[in-house]
Structure formats: structure tokens, C-alpha cells
Amino acid sequence: MALDLVLRRARIAGRGDTPLDIDVSGGRIAVIEQNIATDAQELKLDGCLVVPGFVDTHIHLDKSCILDRVSQEKDTLEEAIAEVAAAKRAFTMEDVYARGRRTLEKAIVQGTTHMRTHVEVDPRIGLRSFEAIRRLKQDYRWAITLEICVFPQEGLINDPGTEDLLVKACEAGANLIGGCPYTDTQPNEQIARIFSIARRFDLDIDFHLDFDLDPSWMHLDEVCRQTEAFGWGGRVAVGHVTKLSAVDSKNLDRIARRLSDVGVAVTVLPATDLFLMGRGHEHSVPRGVAPAHELLHRGVTCSLATNNVLNPFTPFGDCSLIRMANLYANIARLGRASDIAACLDMVTSLPAKLMNLTDYGIAVGHAADIVALDCRDGHAAVAELAQPLFALKAGWKSFSRSPAMLHPPG
């Protein structure tokens, strides 16, 4: 049961520099003002920044933490897909649950309060991973709101039986459906089938898309066309789109206008994209990370997310979205304070918009999902990799850590 409490002297991201008190009652934010008079338990923040919880729009809990089961010779996308495809045949529900739990707990103690996890469904794995992640969703709802996106990693049209399994997962309660057109023999047909299933079950869509550095063609065009045709604007997201890192400014303007007009959001995955892209270059290696901040300036809803943790797609990761925002700021060579602060938005308010969260934000009446950071403002949070000190999930204190202390002699 959540406790009634008051956060004393908190700086609220986006609300100026004046510290305010936040009164929490019944798991929701009751009052925000200075010097609230109450007998409730107090948490003293002494001017630390609070944000409404980090939001990870793209992670793969089901295939995390498998480095001991795979081989890494080339560190390419093709190798990663093949290695995971072989490894997942031996996945059990218990195994997926245990590894997913390890990763989910990493995210919780980094201040993530909402997460969209992509889960592979096909005839090799069946619904085992889906069922394991559904258990995690239930077991950890006290700390994190988990959204499950089922998708066909190895193709749909070229993989008989996969569509039936996707439909079964949707019938069983999947929150949304995804696609991976670049792995299919008929990518446009896969896109059409995914939209058809989404309309049948009234689900949002999240595609893995355009994951290479050849900008001469894009599946993004077809996704935008179908979004417009189905009237699904504001309900479609695309992840990776590394091709956008290889287009010139004029074409980026055109593509951004199209994304904004039809309502397709973009998730950039800095760790994975930086690790996998440009492997064929011996020198002057391209970063291969889509320019989220440039898309954002042009009106596109953008988020930064984790993607993979300790597997062939990304053989590292601690699930810190602050670290991901900092990594992106470095890759994009952002120097202006406003651009660096916007990276914080791309792991909080903007991914909340992408996921159509309706009860998100530090405002009276909203759920008390709040994370305190050891810093004073959004720029410092990203630039200095500010540590999360604690989180509330619907008023429940889900984790805490103490600030570092120096111990000088004497």
C-alpha cells in the first residue's frame, strides 16, 4: 500500500528553478505548492530535480543476458539475428522470466517507471517468451508499467505459422504489435499485414525499420503511406531508422515533414545503432545513429531507448536512460544547453507521448510516478549523468540509493 507523504523542496523538471513541495495521497499527486502543511511522512530533496519517471519505448527483455550462449565473430546485424535465432530455440518460460527479471530490475533501479518491451513470436519460440514476459508484467507492476509488443523478428510472409501466433498473442492480451520488414521477402506485404492485425484488435504499432546506411530506398515511405491510409496517425512508431543518419539536410526536411504530417514517431537506439552500423568501413566509420534532435526540431515525436542488453545486438548495458541520453548527446555532438536538456525530454515526456500515456507527468491528479535525481536541472541530469536517488510508483517507494559521500582524513 502506498504511503501518504510529501516531497520537500523538489525542483520539478520544466517548472522553473523554485523548489516546491509535492504532496502524495492515495498513490496520486494531491498538491504542488511551497511549504505544504501536513503531518505526512517527509522526504527531503533539498532542491534536487524530480522527473515523472523514465520511459523506455524499445527494449527486448526476452533476449537479454545471453552472451554466454552466442558466438560473436563479425559483430554485424545479420550475425546477431542468426545467433539469437539459434539460441532462442532452447528458451524456456522459466529462462526468459529469469533473464527478463534481471534486466527489468536493472531498469527499475535506474528510475524507469514505464517500458515497452518487444517480444519475438514465431514457430520456433511459440508463445513461451510472451507468456514469461506477461508474468513479469504482473509481478513487477508495483514498480513499473510494462507494455508488450509482439513482433516477427525473422519475417512474417516468409515464415509460415508466424501470423497465426501473432494473432493468438493479440487475443491473449498483447498491448500492441510490431514488425520487422527488412527481414522479410515481401516487406511491404508484411507492413500491410501488421496494419491489418492492428486494426482488427485496435492496437498501436511499433516497427523495426530501415536498419542500414543505404538511403536510396526506405520502407519508411510505405509505413507512412499505410499510416495515412488506415488513419493510424499518433499510433505508429518506428525504431532504428539508421538510414536517416545518411541523408542530407534537404531530404531530412522532407522526411521529417512527412513523419510529422502523418503522425509517425521515431525511436533512436544509440547503443545498438552505434555498435552495429558501419561495420564494413575500415576508416571514417559512420556513427549510424539517426539525428533525433534534428527530427525533433522539425516536429517529429522522438524518443531515445535501450533496445538490447548483454546480447549480440548490444553486448553491454545497465538500462540507464540517463546514460543513453548522455551517449546520444555525445554522438550528436550537442553543445547548446537546450539541446542537451531536450535529451532528457526524449527519455521522459516525449516517449510518454509516443506511448500515448494519459496519466503521466508531475501534475495534480496524476499518478505519483516520480524519480528524484542528484542534480538541479535537466541539462545537468544529462551532462553529468545524474544518479537516480529514489523512485515512487503510484506513491510506492520502489527503490532508493544514497548519494555518494566523501570521507576525508580526520
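In what follows, the structure referred to is the one given above.
Because the structure is a prediction, the values reported are computed rather than measured.

> What's the story with the overall build of the protein chain in this structure? I'm lost.
When you go through the protein chain residue by residue, the secondary structure sums to 13 helices and 16 strands. On the principal axes, the C-alpha backbone points of the protein chain span a range of 65 × 50 × 45 Å. Per-residue burial over the protein chain gives 58% buried out of 410 residues. By sequence separation, contacts in the protein chain at least 24 residues apart represent 77% of the contacts at least 6 residues apart. Looking at the protein chain as shown, the accessible area adds up to about 16700 Å², and 48% of this sits on carbon and sulfur atoms. Side chains of the protein chain carry 44 positive and 54 negative charges; the gap between the two charge centres is 1 Å.

> What exactly am I supposed to notice about the sheet that holds strand β6 (residues 54–59) here?
Backbone-to-backbone hydrogen bonds join strands into a sheet, with any given pair of strands oriented parallel or antiparallel. Taken in spatial order, the eight strands line up as β6-β7-β8-β9-β10-β11-β12-β13 in an open sheet, and their pairing is parallel. A strand with exactly one partner marks an edge of an open sheet, and here the two such strands are β6 and β13 (302–304). Each strand of the sheet is rotated relative to its neighbour by a mean of 25 degrees, with strand direction disregarded. As paired elements, strand β9 (residues 176–179) and strand β10 (residues 204–209) share four bridges and run parallel to each other. Across the sheet, glycine 179 pairs through a bridge with phenylalanine 207, a residue of β10.

> Quick question: what am I supposed to make of the pattern of salt bridges here?
Pairs can form between side chains of opposite charge whenever their charged atoms are close. In the structure shown here, the tally under the stated rule is 31 salt bridges. Across the pair aspartate 122 and lysine 88 runs a salt bridge, and its minimum N-O distance is 2.5 Å. Separated by 34 residues along the polypeptide, aspartate 122 in the loop between β7 (112–120) and α3 (128–139) and lysine 88 in the loop between α1 (77–87) and α2 (93–109) bring together distant segments of the chain. One exposure class covers both aspartate 122 and lysine 88, and it is buried. As a salt-bridge pair, lysine 243 and aspartate 212 come within 2.7 Å of each other at their nearest N and O atoms.

> Please explain the environment of leucine 354 as it appears in this structure.
Looking at the secondary structure, you find leucine 354 in helix α12 (residues 349–354). With 53 residues separating them along the chain, leucine 354 and threonine 301 place their C-alpha atoms 6.7 Å apart. Excluding anything up to four places from it in sequence, leucine 354 contacts Thr57, Arg116, Ala237, Ala265, Val266, Thr267, Thr301 and Ser303.

> Which parts of the structure should I look at to understand the pairing of strand β3 (residues 28–33)?
In summary, the side chains of a regular strand alternate between the two faces of the sheet. Here strand β2 (residues 20–25) pairs with β3 via five bridges, running antiparallel. Within β3, the residue paired with serine 25 across the bridge is arginine 28. Where β2 folds back onto β3 in an antiparallel hairpin, the turn is made up of two residues, including glycine 26, whose phi is positive at roughly 60 degrees.

> What is the right way to read the environment of valine 364 from this model?
Looking at where valine 364 falls in the secondary structure, it is placed in the loop between α12 and β14 (370–373). Along the primary structure valine 364 and isoleucine 22 are separated by 342 residues, whereas in three dimensions their C-alpha atoms are 9.0 Å apart. Once residues lying within four places of it in the same chain are set aside, the contact partners of valine 364 are Ile29, Ala30, Val31 and Ile32.

> Looking at this structure, I do not really get helix α11 (residues 337–345). What am I missing?
Quick reminder: α-helices carry 3.6 residues per turn. Residues three or four places apart thus point the same way. Of the positions making up α11, those classed as buried are Asp339, Ile340, Ala342, Cys343 and Leu344. In this structure, the buried residues of α11 make contact with β5 (49–51), β6, α9 (292–297), β13, α10 (321–331) and α13 (378–383).

> So what exactly am I meant to see when it comes to the packing of aromatic side chains here?
The geometry of an aromatic ring pair is captured by two quantities: the separation of the ring centres and the angle between the planes. If you walk through the whole model with that rule in mind, you get five aromatic pairs. Arranged with centres 6.1 Å apart and planes meeting at 70 degrees, the rings of tyrosine 182 and phenylalanine 211 form a pair that is edge-to-face. Separated by 29 residues along the polypeptide, tyrosine 182 in the loop between β9 and α5 (187–201) and phenylalanine 211 in the loop between β10 and α6 (220–230) bring together distant segments of the chain. Of the residues examined, tyrosine 182 reaches a relative accessible area of 23% and is grouped as partly exposed. Given a relative accessible area of 4%, phenylalanine 211 falls into the buried group. Ring geometry for phenylalanine 275 and phenylalanine 316: centres 5.8 Å apart, planes at 85 degrees, overall edge-to-face. Note that phenylalanine 275 is positioned in helix α8 (residues 270–276) and phenylalanine 316 in the loop between β13 and α10, a separation of 41 residues in sequence.

> Just checking my understanding: could you explain the side chain of histidine 58 for this structure?
Locating histidine 58 in the fold gives a position in strand β6. Look at histidine 58 and you get buried, because its relative accessible area is 0%. At a separation of 3.3 Å, a polar atom in the side chain of histidine 58 contacts the side chain of histidine 60. Look past the residues within four positions of histidine 58 in its chain and what remains in contact with it is Arg116, His118, Asp206, His208, Gly239, Thr267, Leu269, Ala305, Thr306 and Asn307.

> Would you explain the nonpolar core in this entry?
A general trend in soluble globular proteins is that nonpolar side chains are found buried together. Counting residues in hydrophobic clusters, the biggest one holds 108 residues, and the most contacted among them are Val150, Phe207 and Leu373. At seven residues, α10 tops the list of elements feeding residues into this core. Other than its neighbours up to four places away in sequence, phenylalanine 207 contacts Gly179, Pro181, Ile191, Ile194, Phe195, Val223, Val236, Ala237, Val238 and Gly239. By size, the runner-up hydrophobic cluster in this structure holds 20 residues, among which are Leu43, Leu45, Cys48 and Leu392.

The rules behind these values
- Each chain carries its own residue numbering, running from 1 in the written order of its sequence.
- Local features in a predicted model are, by the rule used here, given only for residues with pLDDT of at least 70; side-chain atom pairs are given and counted only at 80 or more, and totals for whole chains, interfaces and linings are based on all residues.
- Water and hydrogen atoms play no part in the side-chain values, which are based on all heavy atoms of the structure.
- Each helix corresponds to a stretch of at least 4 residues labelled H or I by DSSP, and each strand to a stretch of at least 2 residues labelled E; elements are numbered beginning at the N terminus.
- Relative accessibility thresholds used throughout: buried, under 20% of the residue-type maximum; exposed, over 50%; partly exposed, between the two (1.4 Å probe, protein chains only).
- Throughout, a contact is declared for two residues whenever any of their heavy atoms are within 4.5 Å.
- Accessible surface area values rest on a Shrake-Rupley calculation with a 1.4 Å probe, where residue burial reflects the displayed protein chains alone.
- The positive count covers Lys and Arg only, the negative count covers Asp and Glu only, and His and the chain ends enter neither.
- The location of each charge is read from NZ of Lys, CZ of Arg, CG of Asp or CD of Glu.
- Strand pairing requires that DSSP identify at least two bridges connecting the strands.
- Comment: axis = line fitted to C-alpha atoms, over the contacting stretch for helices; angle = value between 0 and 180 degrees taken between N-to-C directions.
- We define a salt bridge as a side-chain nitrogen of Lys or Arg found within 4 Å of a carboxyl oxygen belonging to Asp or Glu.
- Stacked, edge-to-face and tilted are the three classes for Phe, Tyr and Trp ring pairs, Trp counted by its six-membered ring, which pair at centre distances within 6.5 Å; planes under 30 degrees apart are stacked, over 60 edge-to-face, the rest tilted.
- Each polar contact in these results corresponds to two N or O atoms within 3.5 Å; when the atoms are within protein, one needs to be able to donate a hydrogen and the other to accept it, and residues that are neighboring in sequence are counted only if both atoms are side-chain atoms.
- By nonpolar core we mean a set of buried residues, namely Ala, Val, Leu, Ile, Met, Phe, Trp, Tyr and Cys, connected to one another through side-chain atoms within 4.5 Å.

All we've got here are geometric facts, nothing functional implied.
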